[in-house]
There are 2 protein chains.
Amino acid sequence: MDFEPRATRKDMTSALSNPEFFSYGVEAYEACKKLSLTSDIIDEQKKVQEADLVIFQFPLYWFSVPAILKGWMDRVLCQGFAFDIPGFDDSGFLQGKLALLSITTGGTAEMYSKTGHGTLHFCGFKVLAPQISFAPEFVSEEERKGMLASWSQRLKTIWKEEPIPCTPPWYFGQ
Amino acid sequence: MDFEPRATRKDMTSALSNPEFFSYGVEAYEACKKLSLTSDIIDEQKKVQEADLVIFQFPLYWFSVPAILKGWMDRVLCQGFAFDIPGFDDSGFLQGKLALLSITTGGTAEMYSKTGHGTLHFCGFKVLAPQISFAPEFVSEEERKGMLASWSQRLKTIWKEEPIPCTPPWYFGQ
């Protein structure tokens, strides 16, 4: 199966709800409601709908699913089909179904006991603190400008920053 | 940029080292050493080599990078270019470089403080314990048969299993 992993404008077969500014999430949601998603997505959604148990069988690539499967998740599990806001977690639209990840790895179990070093650290990168811009679509123009300004400001002295310890809890303040 | 995310046989422009059994990781490693990776990968590797700081700017899709960027990591950061065994983490081949994730989200910060529910749980799935087959390539034929047998055995009574709590530490015994 040669599933297309890229989430693009081609996934919507009808006119965009906002042709001025393309937001994939917004347009996929609208297309899902209008039944105008592209056929490869709809075919997969039908399979999910009919399944009681979905087994994701994959080789672990960089501590996660391979891109083709990530693209399946990105494109098939769209808002309106798999969830809504509200309508997620225990009220997600796929409630009543079972999922299972069946994973093969390249390395032995010992190699994975040392979790916490991600792709980048593994390759030798020193990793700087992430720059996270929360929901730029939903904040005011002024706040968006603030986001850009602080990012721009940070970039001026970025060479002076110290890398972070590469452990997952660092992210999202967990 | 319309980068190809799928890791396939097309990534190697020369003969495979094992035409009987295709292993992407093995063949990418060999092709990298023989300088016979496909040109879109080599072009990206050159950019990485020349960079002191790589900024990954992306919208968060399902708690991770979009498939197109996951595919960039899967294909560009191959063994022989980005790391070797040994030759990872602090001795990874990209040592001396800096990396930074610059992320925009669809949801507000509050939505992400409740980490631990993954894609599947978010959509309402009850998630069963993962089936992890460590390094099937590197174990004996007998052990491989054992892996298949235990998987097959498990599937017989899978409908009786209870779902797991959807928190990341569950995986890999962290």
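The rules behind the values
Residues numbered from 1 in each chain as written. Chains lettered and ligands numbered in written order. Predicted model: local features only at pLDDT ≥ 70, side-chain atom pairs only at ≥ 80, totals over all residues. Heavy atoms only, no water. UniProt positions renumbered as here; feature names shortened; annotations may be inferred. Helix = DSSP H or I, 4+ residues; strand = E, 2+ residues; numbered from the N terminus. Buried < 20%, exposed > 50% of the residue type's maximum accessible area, 1.4 Å probe, protein only. Contact = heavy atoms within 4.5 Å. Areas by Shrake-Rupley, 256 points an atom, 1.4 Å probe, with all protein chains shown as cover. Phe/Tyr/Trp six-rings, centres within 6.5 Å; stacked < 30°, edge-to-face > 60°. Lys NZ or Arg CZ within 6 Å of the ring centre and 35° of its normal. Axes fitted to C-alpha atoms, helices over the stretch in contact; angles between N-to-C directions. Parallel < 35°, antiparallel > 145°, perpendicular 65-115°, else oblique. Nonpolar A, V, L, I, M, F, W, Y, C, P; charged D, E, K, R; others polar. Least-squares fit on C-alpha atoms with pLDDT ≥ 70 in both. Pairing = 2+ DSSP bridges. Expected span 1.5 Å × (residues − 1). Arc of directions from axis to C-beta. Polar contact = N/O pair within 3.5 Å; in protein donor to acceptor, adjacent residues only side chain to side chain. Buried area = accessible area lost by both parts, 1.4 Å probe. Salt bridge = Lys/Arg side-chain N within 4 Å of Asp/Glu carboxyl O.

An unreviewed UniProt entry annotates chain A as Ribosyldihydronicotinamide dehydrogenase [quinone] originating from Molossus molossus. UniProt's Catalytic activity (unreviewed entry) comment on chain A is quoted here verbatim: "1-(beta-D-ribofuranosyl)-1,4-dihydronicotinamide + a quinone + H(+) = beta-nicotinamide D-riboside + a quinol". Word for word, the UniProt comment on chain A under Sequence similarities (unreviewed entry) is "Belongs to the NAD(P)H dehydrogenase (quinone) family."

Asks: Explain the overall build of chain A here, please?
Replies: Secondary structure assignment for chain A yields six helices and four strands. In chain A, the order of α-helices and β-strands from amino to carboxyl end is α-α-β-α-β-α-α-β-β-α. Taking all 174 residues of chain A together, 47% fall into the buried category. Pairs at least 24 apart in sequence give 65% of the contacts found in chain A among residues at least 6 apart. By element, 58% of the accessible surface of chain A is carried by carbon and sulfur atoms, the whole surface being about 9,100 Å².

Asks: Would you explain the packing of aromatic side chains in this entry?
Replies: Aromatic ring pairs are reported here in terms of the distance separating the ring centres and the angle at which the planes meet. Going through the model one piece at a time under the given rule, you end up with 10 aromatic pairs over all chains. Centroid distance A:Phe56 to A:Trp72: 5.6 Å. Interplanar angle 75°. Geometry classified as edge-to-face. Note that A:Phe56 is positioned in strand β1 (residues 53-59) and A:Trp72 in helix α3 (residues 67-76), a separation of 16 residues in sequence. Using a relative accessible area of 6% as the deciding quantity, one classes A:Phe56 as buried. Between A:Trp62 and B:Phe83 the ring centres are 5.5 Å apart and the planes differ by 75°, which places this aromatic pair in the edge-to-face class. With A:Trp62 in the loop between β1 and α3 and B:Phe83 in the loop between α3 (67-76) and β2 (98-104), this residue pair bridges two chains. Members of the aromatic cluster, connected to one another through ring pairs, are A:Phe22, A:Tyr24 and B:Tyr61. Above the face of the A:Tyr29 ring, A:Lys33 is positioned so that its terminal group lies 4.1 Å from the ring centre.

Asks: I would appreciate a short explanation of the packing of α3(A) against α3(B) in the present structure.
Replies: For any two helices packed against each other, the geometry is given by the interaxial angle and the distance between the axes. Closest axis-to-axis distance for the α3(A)/α3(B) pair is 8 Å, and the angle between their directions is 170°. The pairing of α3(A) with α3(B) is recorded here as roughly antiparallel in orientation. Touching A:Ala67, A:Lys70, A:Gly71 and A:Asp74 of α3(A) are B:Ala67, B:Lys70, B:Gly71 and B:Asp74, all from α3(B). Taken together, the residues that form the contact of α3(A) with α3(B) break down as two nonpolar, two polar and four charged.

Asks: So what exactly am I meant to see when it comes to the relation of the copies chain A and chain B here?
Replies: Between the two copies of this chain, the relationship is a rotation about some axis together with a displacement along it. For the pair chain A and chain B, the best superposition has an RMSD of 0.0 Å and corresponds to a rotation of 180° with a translation of 0.0 Å parallel to the axis. Overall, the copies show the geometry of a two-fold rotation axis. Proximity to the rotation axis, assessed at the C-alpha, singles out A:Ala67 in chain A; its C-alpha lies 2.4 Å from the axis. When you check the interface residues of chain A against chain B, 100% turn up at the interface there too, and the contact is symmetric in its surfaces.

Asks: Would you mind going over the pairing of β1(A) with me for this structure?
Replies: Both faces of the sheet carry side chains from a regular strand, because those side chains alternate between them. The pairing of β1(A) with strand β2 (residues 98-104) of chain A spans seven bridges and is classified as parallel. The residue bridging A:Pro59 from the neighbouring strand is A:Thr104, located in β2(A).

Asks: Looking at this structure, how should I read helix α6 (residues 141-156) of chain B?
Replies: Every α-helical turn comprises 3.6 residues, leaving residues that sit three or four positions apart pointing alike. Residues and elements named next belong to chain B. Between the first and last C-alpha of α6 there are 23 Å, a value that for 16 residues agrees with the 22 Å anticipated at 1.5 Å per step. Along α6, the residues that are buried comprise Met 147, Trp 151 and Arg 154. Angular distribution of buried residues about the axis of α6 spans 65°; they occupy a single face of the element. Facing away from the buried side of α6 by more than 90 degrees, the exposed set consists of Glu 142, Lys 145, Leu 148 and Lys 156.

Asks: Help me out: how do you make sense of the side chain of A:Asp74 in this one?
Replies: Here A:Asp74 shows up in helix α3. Only 2.7 Å separates the side chain of A:Asp74 from the side chain of A:Lys70, close enough to count as a polar contact. The residues contacting A:Asp74, other than those within four sequence positions of it, are A:Tyr24, B:Tyr61, B:Trp62, B:Pro66 and B:Ala67.

Asks: Would you take a moment to explain the interface of chain A and chain B for this structure?
Replies: Accessible area lost when the parts come together is the quantity often used to give the size of an interface. The partner chain B presents 83 residues to the 83 residues of chain A that form the contact. Here chain A meets chain B over a buried area of about 7,000 Å², counting both sides, of which 67% is carbon and sulfur. Considering only the surface of chain A that becomes buried against chain B, A:Arg6, A:Asp89 and A:Phe125 emerge as the three largest contributors, covering 11% of it. Joining chain A to chain B, the criterion identifies four salt bridges. Across the contact surface, chain A and chain B share 24 residue pairs in polar contact (both at pLDDT 80 or more). At the level of secondary structure, the elements contributing two or more residues to the side of chain A that touches chain B comprise β1, α3, β2, α4 (109-113), α5 (119-122), β3 (126-127), β4 (131-133) and α6 (141-156) of chain A. Residue contributions to the side of chain A that touches chain B peak at seven residues, all from β2(A). Counted by class, the side of chain A that touches chain B contains 51 nonpolar, 20 polar and 12 charged residues.

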